[in-house]
Amino acid sequence: MERLQCTLAVEELSKAGDVQKSSIHKNIFISVGRNEFRDVVLKVELQKKDLKFSLRELRIHKKFAKDGKSTIRIPDKNMNLLISNCPPDKLIYFLKLLSTKFECGRLKGFISERKKLLSDVPKSFEEISPLTIKDLKTVHEARAKELESKPDMFTPKGKGVGKRKRSIEDDKENRPVQKSKFMCSSLNPSAIAVPVKLSKEQNTILDAVLQGKNVFFTGSAGTGKSFLMRRIIGSLPPQHTFATASTGVAACHIGGTTLHAFAGIGSGSALLEQCVQLASRPQIAQQWRKCHHLVIDEISMVDGSLFDKLETIARVVRKNDNPFGGIQLIICGDFLQLPPVTKGTEKKTFCFQAKSWSKCIQVNMELKEVRRQNDISFINILQNVRLGKCSEETYQVLRETAQHNIQRNGILATRLCTHKEDVNKINLYHLGKLQGDEKTFVALDGDEVYQSQLEVLSPVPKKLNLKVGAQVMLAKNLEVQRGLVNGARGVVVGFDKKNQDYPVVKFVSGEEEVIRPVRWTFKLSGTVYINRKQLPLKLAWAISIHKSQGMTLDCVEMSLSKVFEAGQTYVALSRAKSLEGLRILDFDRSCVHANPDVLRFYHKLELTRKMMQTSIDDCW
């Protein structure tokens, strides 16, 4: 049975719709089943008694379902059920299940109240069957018939044009699908696809998180770490879950904020006593106490000394002597990628070298299956480079990429740079060389007070200057099925005068698309949200290796002569979707190296994994 754990406000309404009585229940369960007459029944499990609602009318408001909130209205019972603090992924599925099963039941018809009263069938409540493609198709086909049978609206009086019969195809193309009075949105089975299934190793990690374990999971680039992290966040109650990352770019990918912003201790470079004082400020302290689950992505760039400070701060502010103040930690990252950023001669300390790491982390797991690249030989090259190995064969293959012609459809390769100063110079230089008028697109920000935070978190700039011929890349997933994903490369071929001069971009696939502004929302602290509405584009003649995190680039060019960190070469190479779309201008063995401390850490992880596997096999 699909049971939903949440906070629930039950409102009893008057006939006029006014709230007459309201009660709030925390950590209760809601489930969907069927009664003895096969009606869909909503069951609310309260402490003293269960409430059961046999559904004949239903309205679902799911605008804020991604935030773990929704309202279920039962008009014939004059009742509102206000759901909050519910794991978003579970809530979204639950609402789809409830609305689809109800609609299927409505199509079959309800038994009259008279027949129910005269019936001697014993009362029952049984588990409802899972949501199926057949259910979705049944509802979708019924909706299509409703649209086909409904006459079109008349044109305004006096225009002399009568109503015209339009096909379903016309309806789909020219106007939004009309909504049923029972539900808040259409149920196109293709639009409500079953979520991508997690692999066995990903499910093992998710299960450990849901069991309340403190988990660190790692894996090479392209193994689906960020994808799994988003699924984990969607499986936890949002009011008590704080998603953070070491950088603004990484935080944006998981819909969170930076670790420093959450902690409220500035750069974290101050003495421990000062950091404790900063974190003890009322609003920050309240956030620490409210946090039950702390997500930290891209942990490799967090310094070990900062991790120790945060662990102490958590215990002091929360007044809890358990490791990290009793907060569940869900930590992700690859220590063989980008290391902590330090100034001058400061010693780098990785988080696994922190004094508190071993007492905080209960489960260490590594994802092995690479999903970004399909070419086995390229995957093997990347895995060797990750470990600091460069055989003669690898050397020759990567040297030969310098001859690759990777320009397609007027789209040039993106140059990956080690320093952001080089990125700005290259992009501005090439934009200035283009002929024609320059158009400026200014972002619409929700609150100018948080301008500095927006600049850190937003993947797109406040001002974006474009010309015809500008090389650009998408900064957000628009349509995954069509390849319009974060990192997809294109070139501006014009501006659409009918659509506020928005740019027309031709992508590697050859498709042209008018790119319109989209909105990013970032959570700062507590209930503070900031947003930016801007074109999901950025100039792409060049991009820094740091900013390329999480991207898959169709065609990428790089110079590795300025590599200054262990792991930088691997991160740069692993952005490429394929060997054919990669060009290295100056490959040399000296740019391939891995940190020996990190290699020893991963060697221990692998030994532990093999020992555990051997123990399991012996048991069998």
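It should be noted that the structure appears before, not after, this text.
Please read these numbers as outputs of a predicted model, since none were measured by experiment.

Chemist: Residues and numbers for the sheet that holds strand β15 (residues 414-417), please.
Modeler: The four strands are arranged β26-β15-β27-β28 in an open sheet whose pairing can be described as parallel. This sheet does not close on itself; its edge strands, each paired only once, are β26 (542-544) and β28 (582-584). The average angle at which neighbouring strand axes cross in this sheet is 25°, direction not considered. As paired elements, strand β27 (residues 556-558) and β28 share three bridges and run parallel to each other. Bridging from a neighbouring strand, methionine 558 pairs with isoleucine 584 of β28. Across the sheet, helix α15 (residues 420-433) touches β15 and β26, and the angle it forms with β26 is around 165°.

Chemist: Any details on the nonpolar core? Residues and values, ideally.
Modeler: Core analysis: the largest hydrophobic core is formed by 41 residues, its most contacted members being Trp288, Phe324, Phe335 and Trp357. Secondary structure elements with two or more residues in this core: α8 (259-263), α9 (272-279), α10 (282-290), β12 (293-297), α11 (304-318), β13 (328-332), α12 (357-360) and α18 (596-619). The greatest single-element share of this core, amounting to six residues, is contributed by α11. Leaving out residues up to four positions away in the same chain, phenylalanine 335 has contacts with Phe216, Ile299, Ser300, Phe350, Cys351, Phe352, Trp357, Val598, Phe601 and Tyr602.

Chemist: Can you explain the sheet that holds strand β22 (residues 512-514)? Please cite residues and give values.
Modeler: Pairing is antiparallel across the open sheet formed by five strands, whose spatial order is β22-β21-β20-β19-β25. For this open sheet the edge positions go to β22 and β25 (537-539), each flanked by a neighbour on one side alone. Pairs of neighbouring strands in the sheet enclose a mean axial angle of 45°, with direction left out of account. Bridge count between strand β21 (residues 502-507) and β22: three bridges; the pairing is antiparallel. If you follow valine 504 over to β22, its bridge partner there is valine 514.

Chemist: Give a detailed account of the packing of aromatic side chains, specifying residues and quantitative values.
Modeler: Counted according to the given criterion, the structure contains 17 aromatic pairs. For the ring pair phenylalanine 216 and phenylalanine 601, a centre distance of 6.2 Å and an interplane angle of 50° mean the geometry is tilted. With phenylalanine 216 in strand β9 (residues 215-219) and phenylalanine 601 in helix α18, the pair connects residues that are 385 residues apart, well separated along the chain. Phenylalanine 216 sits in the buried class, given a relative accessible area of 0%. Residue phenylalanine 601 is classed as buried on the basis of its relative accessible area of 13%. Through successive ring pairs, a cluster of aromatic residues spans Phe216, Phe307, Phe324, Phe335, Phe350, Phe352, Trp357, Phe601 and Tyr602. Over the aromatic face of tyrosine 602 sits the side chain of arginine 386, whose NZ or CZ is 5.3 Å from the ring centroid. The ring of phenylalanine 495 is capped by lysine 439, whose NZ or CZ atom sits 5.5 Å from the centre of that ring.

Criteria and cut-off values
- Along each chain, residue indices are assigned from 1 in the same order as the chain's sequence is written.
- Predicted model: local features are reported for residues with pLDDT of at least 70 only, side-chain atom pairs are reported and counted for 80 or more only, and whole-chain, interface and lining totals are derived from all residues.
- The basis for every side-chain value is the complete set of heavy atoms in the structure, and neither hydrogens nor water enter the calculation.
- We treat two strands as partners when DSSP finds at least two bridges between them.
- Secondary structure elements are defined from DSSP: runs of H or I of at least 4 residues count as helices, runs of E of at least 2 residues count as strands, and each element is numbered from the N terminus.
- Only C-alpha atoms enter the line fits that serve as axes; for helices the fit covers just the stretch in contact. Angles between N-to-C directions range over 0 to 180 degrees.
- Note on contacts: a residue pair qualifies if any of its non-hydrogen atoms lie within 4.5 Å across the two residues.
- The set of buried Ala, Val, Leu, Ile, Met, Phe, Trp, Tyr and Cys residues whose side-chain atoms join them within 4.5 Å is what this entry labels a nonpolar core.
- The buried label applies to any residue whose accessible area, calculated with a 1.4 Å probe on protein chains only, is under 20% of its type's maximum; exposed applies above 50%, and partly exposed to all values in between.
- Think of it this way: a Phe, Tyr or Trp ring, Trp meaning its six-membered ring, pairs with another when their centres are within 6.5 Å, and the plane angle makes it stacked under 30 degrees, edge-to-face over 60, tilted otherwise.
- Geometrically, a charge over a ring is one whose NZ (Lys) or CZ (Arg) sits within 6 Å of the ring centre while staying within 35 degrees of the ring normal.

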